[in-house]
Each structure stands twice: as structure tokens, then as C-alpha cells.
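Next come the chains, spelled out residue by residue.
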Amino acid sequence: MKKLIFTLLTGLLLAGTTSAQRAKEAPAVRFQAVDIYVDANNQPLAAYQLELKADSDAVKIAGIEGGEHPAFREAPYYDPRAMQHERVVIAAFNTGAADSLPAGRTRIATVHVQISGDARPEFTVRLETAATVQGEKIPATAAARERDND
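Note that this is a predicted model, so its numbers are computed, not measured.

What counts, and at which threshold
Residues numbered from 1 in each chain as written. Predicted model: local features only at pLDDT ≥ 70, side-chain atom pairs only at ≥ 80, totals over all residues. Heavy atoms only, no water. Pairing = 2+ DSSP bridges. Helix = DSSP H or I, 4+ residues; strand = E, 2+ residues; numbered from the N terminus. Phe/Tyr/Trp six-rings, centres within 6.5 Å; stacked < 30°, edge-to-face > 60°. Buried < 20%, exposed > 50% of the residue type's maximum accessible area, 1.4 Å probe, protein only.

Some details on the sheet that holds strand β2 (residues 47-54)
Ordered by their spatial adjacency, four strands build an open sheet running β4-β5-β2-β7, and the pairing between neighbours is antiparallel. The sheet is open, and its two edges are formed by β4 (77-78) and β7 (123-131), each paired on a single side. Where β2 meets strand β5 (residues 87-93), seven bridges bridge the pair, whose relative direction is antiparallel. Considered in β5, the bridge of K53 is made with R87.

Okay, structure coming up:
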């Protein structure tokens, strides 16, 4: 009986060591939320299209959600196949009245990313276009900011 218990305990200890070794060998994975902002100055923002890109192939896009203003609360349009890599193009529009649209700086989306290993990627945003409800182009700017994981 003692021999059987000893054999079982030895097997469990060896199995645990193997799992621990595999965990050390596997690259660490963490998740990060990246908030995307568009600043339309004092113009009502009705539409935008932009590209978010990471400078590392250790980044994979895990999900995309809408922004803080009701006009852009729904997730923006994007290509699900393209989001499997380190970049994504997103776009949204709202045909509401100008007074129901955000003006100034607003968070229009949040992109959730998976980062492998010790990479500390930089995120860049390239704003393709921003427009008013009349379809007039707005001289807007866009920025990405990693959310604190506190």
C-alpha cells in the first residue's frame, strides 16, 4: 500500500513539474484595451474612417467595441479577417441631427488587443476621413491611448 501511494505521489509531482516547465516555456500573453479618439474641433462628427496599427507582430486584435457618445456607441464597421493581424480599418457613420452628434474630442471606439511575450507595442492611428452630416470633410485628428490596466 505504501509503495502504491509513493508511486502515485511521485507521478503527480512529476506531472506538476512538467506543467510548470511548459508554462515557463510558453510566451506570456496579456490583453490591452486601446481607446481611439477623434477630435473634430467644434464640428459635429457624423462619419469617420481610420486605421489603427501596432508596430509589432506580437499584437493580435481580439475585439472592437463602440465609443462613449451615443452616436457611436455601436461597434464600428471593420473587416473581421483583417483584424486577425496587427492592424485594422474601422469606420462608422451616424445620420442623426447635428445637435445629436459629438463635437470636439470623443472616444469613438475601443480596440482590444492580445499581446504575446514581452512586446511593448506602439499604436498609431491614421485618420482617412471625418465628415459632418452634410458630408463635408472635417479637418480632424485621431489618436490612440492604451487604457491603464489598474
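With respect to the packing of aromatic side chains
In this structure the tally under the stated criterion is two aromatic pairs. Judged by centre distance (5.5 Å) and plane angle (65 degrees), the rings of Y48 and F72 are edge-to-face. Taken as a pair, Y48 in strand β2 and F72 in the loop between β3 (59-66) and β4 lie far apart in primary sequence, 24 residues in all. Of the two residues, Y48 and F72, neither departs from the other in class, the shared state being buried. Measuring from centroid to centroid gives 6.1 Å for Y77 and F93, while their planes differ by 10 degrees, and the two rings are stacked. Of this pair, Y77 sits in strand β4 while F93 sits in strand β5; the two residues are 16 residues apart in sequence, bridging distant segments of the chain. This pair shows no difference in class: Y77 is exposed, exactly as F93 is.

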